[in-house]
Amino acid sequence: FMKILVDGDSCARKNAIISIAKKHNIPVEIYCDVNHHIEDDYAVIHTVDQSRNSADLRIVNNVAKNDIVITNDIGLATIVLAREGIPMNNYGTVFTAHNINEHINRSYMLANARRKSRRNSVKIPKRKVQNKDSYKKSFNYQLKRAIARI
């Protein structure tokens, strides 16, 4: 029995997730801290305290084999993989045992670049707005594909 767990604090695709899950009759659980007010008739909303990683820890405690977890947190994605879940980010990237190290390394390099840019006042470009539709289509496609695999 599969479910979709969402790291709701940073997820911009909640409506798309719920829409796709409804069509496939898959339960959705959204985890967010007390600073994020989310309401939905279909999804179960779990509110956690605002301490660091509270939502992540609740997701880890509730993820089961073949559950899909939507998160941009590479650390959480790694734990979900170890628990035999299917981690995805908001852009449609499905993390696997074959690509997780690449994403961990990229995350580490970007974090270092951000720290250096603060000291040197160098701007690091953000994702381009014109790619927004592309990311949305990719995410929807990958979520449907992950559901179909199970």
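Residues numbered from 1 in each chain as written. Predicted model: local features only at pLDDT ≥ 70, side-chain atom pairs only at ≥ 80, totals over all residues. Heavy atoms only, no water.

J.: Teacher, can you tell me more about the pattern of salt bridges here?
T.: Here the idea is simple: oppositely charged side chains can pair when their charged atoms come close. Considering all chains together, one arrives at three salt bridges under this definition. Here D67 makes a salt bridge to K3, at a shortest N to O gap of 2.7 Å. In this pair, D67 sits in the loop between α2 (54-62) and β4 (68-70) while K3 sits in the segment before β1 (4-7), placing the two residues 64 residues apart along the sequence. Looking at D67, the relative accessible area reads 0%, which means it is buried. Where K65 meets E84, a salt bridge forms, and the shortest distance between an N and an O atom there is 3.6 Å. In this pair, K65 is assigned in the loop between α2 and β4 and E84 in the loop between α3 (74-82) and β5 (86-88), connecting sequence segments 19 residues apart. K65 gets classed as exposed once you look at its relative accessible area, which sits at 52%. In this structure E84 comes out as partly exposed when scored by relative accessible area, which is 46%. (Salt bridge = Lys/Arg side-chain N within 4 Å of Asp/Glu carboxyl O. Helix = DSSP H or I, 4+ residues; strand = E, 2+ residues; numbered from the N terminus. Buried < 20%, exposed > 50% of the residue type's maximum accessible area, 1.4 Å probe, protein only.)

J.: Please explain the packing of helix α1 (residues 14-23) against helix α5 (residues 132-149) as it appears in this structure.
T.: Helix packing geometry: the angle between the two helix axes and the distance between the axes. As a packed pair, α1 and α5 sit with axes 11 Å apart at the nearest point and diverge in direction by 35°. Here α1 runs over α5; the crossing is right-handed. Counting all contacts with α1, which are made through A16, I17 and I20, the residues of α5 involved are F139, N140, L143, K144 and I147. Looking at side-chain class alone, the contact of α1 with α5 contains six nonpolar, one polar and one charged residues. (Axes fitted to C-alpha atoms, helices over the stretch in contact; angles between N-to-C directions. Left-handed = near helix turned anticlockwise from the far one by under 90°. Contact = heavy atoms within 4.5 Å. Nonpolar A, V, L, I, M, F, W, Y, C, P; charged D, E, K, R; others polar.)

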